[in-house]
Amino acid sequence: PDLYPLLVISNVRPERHALLGKRIGWNNIINWIKPDMHYILDLSDPEDYDVGWRLSQLTSPHDQRHNWYNLYIDGRELDIVDGVNLWKALTGTSKYVKPDHNTDSKMVEFDFCTTSMLVMSLAAIKLQARWKARVQTKLYQRQLEERDARLALEEATKHEVIELTNNVETSVASNDNNIQADDAPKPHEEVVIV
């Protein structure tokens, strides 16, 4: 599934990327590991806004110049200065805020290109997430195994206690029968009265 957007986008001219994004939906064509393509985003549209925000989060504030090319806001070219919060420059806010449809539309056009460092850091993040999930799964499995062993031990201990109790009761009943049998006169003995 991740290769399909790459195959589609790689065979389309860059100026048609935005058309595909609008018609099919950006989330259906973007590979977030390497989202290199031409974008035309209407920031009053929630999906376009989300795509722009996510792309801005992929870049380091000190290396934005190497990811965003040919950036135009409402037809005016914008020079990117490293260290400036790009999302704030594009939207006027530094946080993810759902767009207000009553405001004027703000069109943003740019080419996004991931650097090899960005791709490696995204791969590292994905790898770390998978490793963390695996460790948590193993930890959970170990906890389940320890719980099962503890329950088995409790069950075995319970059965041993019941067995010991039964043995003690049988032994006590047997001793009671032996004591009563010893106290009773035996039929072949003579009773002597003095």
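Conventions we followed
- Residues numbered from 1 in each chain as written.
- Predicted model: local features only at pLDDT ≥ 70, side-chain atom pairs only at ≥ 80, totals over all residues.
- Heavy atoms only, no water.
- Helix = DSSP H or I, 4+ residues; strand = E, 2+ residues; numbered from the N terminus.
- Buried < 20%, exposed > 50% of the residue type's maximum accessible area, 1.4 Å probe, protein only.
- Areas by Shrake-Rupley, 256 points an atom, 1.4 Å probe, with all protein chains shown as cover.
- Phe/Tyr/Trp six-rings, centres within 6.5 Å; stacked < 30°, edge-to-face > 60°.
- Pairing = 2+ DSSP bridges.
- pLDDT = per-residue confidence, 0-100.
- Expected span 1.5 Å × (residues − 1).
- Salt bridge = Lys/Arg side-chain N within 4 Å of Asp/Glu carboxyl O.

Enquirer: Please give an account of the overall build of the protein chain that cites residues and values.
Expert: Secondary structure summary: the protein chain contains six helices and four strands in total. Across the protein chain, helices and strands are ordered from the amino to the carboxyl terminus as α-α-α-β-α-β-β-α-β-α. The proportion of buried residues among the 194 residues of the protein chain is 24%. For the protein chain, the computed accessible surface area is about 14200 Å², with 56% contributed by carbon and sulfur atoms.

Enquirer: Describe the packing of aromatic side chains, listing the residues and the values that go with them.
Expert: One pass over the full model with this rule turns up four aromatic pairs. Taken together, a centroid distance of 4.4 Å and an interplanar angle of 40° make the contact between W68 and F110 tilted. Of this pair, W68 sits in strand β2 (residues 68-73) while F110 is found in strand β4 (residues 107-112), placing the two residues 42 residues apart along the sequence. This pair shows no difference in class: W68 is buried, exactly as F110 is. Relative to F112, the ring of W68 has its centre 5.4 Å away and its plane inclined at 90°; by these criteria the two rings are edge-to-face. Of the two residues, W68 is situated in strand β2 and F112 in strand β4; the sequence distance between them amounts to 44 residues. Aromatic ring contacts, followed pair by pair, group W26, Y39, W68, F110 and F112 into a single cluster.

Enquirer: Which residues make up the pairing of β4, and what are the values?
Expert: Relative to β4, strand β1 (residues 37-42) runs antiparallel, the two being bridged by six bridges. Across the sheet, the residue bridging to D42 is M107, located in β4. Sheet topology places β2 next to β4; four bridges connect them, and they run antiparallel. Across the sheet, residue Y72 finds its bridge partner in β4, namely E109.

Enquirer: Outline the sheet that holds β1, supporting the account with residue identities and numerical values.
Expert: Judged by pairing direction, the sheet is antiparallel, and its four strands sit side by side in the order β1-β4-β2-β3 without closing on themselves. Both outer strands of the open sheet, β1 and β3 (76-77), are each paired with one neighbouring strand and no more.

Enquirer: Break down the confidence of the model for the protein chain for me, citing the residues and quoting the values.
Expert: Residues at a pLDDT of 70 or more form 67% of the protein chain, whose mean pLDDT is 75. Considering each helix and strand of the protein chain separately, the mean pLDDT is smallest for helix α1 (residues 3-10), with a value of 56, and largest for β1, with 89.

Enquirer: Give a description of helix α4 (residues 46-58) that names residues and reports values.
Expert: Compared with the 18 Å implied by 1.5 Å per residue over 13 residues, the 19 Å span of α4 between its first and last C-alpha is a close match. Among all positions in α4, only D48, Y49, D50, V51, G52, L55, S56 and L58 are buried.

Enquirer: Break down the pattern of salt bridges for me, citing the residues and quoting the values.
Expert: Any two side chains of opposite charge can pair if their charged atoms end up close together. A full pass over the atoms with the stated rule returns three salt bridges. For K22, the salt bridge identified is with D45, shortest N-O distance 3.3 Å. Taken together, the positions of K22 in helix α2 (residues 17-24) and D45 in the loop between β1 and α4 put the pair 23 residues apart, joining distant regions of the chain. Linking K22 and D48 is a salt bridge whose minimum nitrogen-to-oxygen distance equals 2.5 Å. Highlighted residues: K22 in helix α2 and D48 in helix α4, separated in sequence by 26 residues. K22 gets classed as partly exposed once you look at its relative accessible area, which sits at 42%. Connected via shared salt-bridge partners are K22, D45 and D48.

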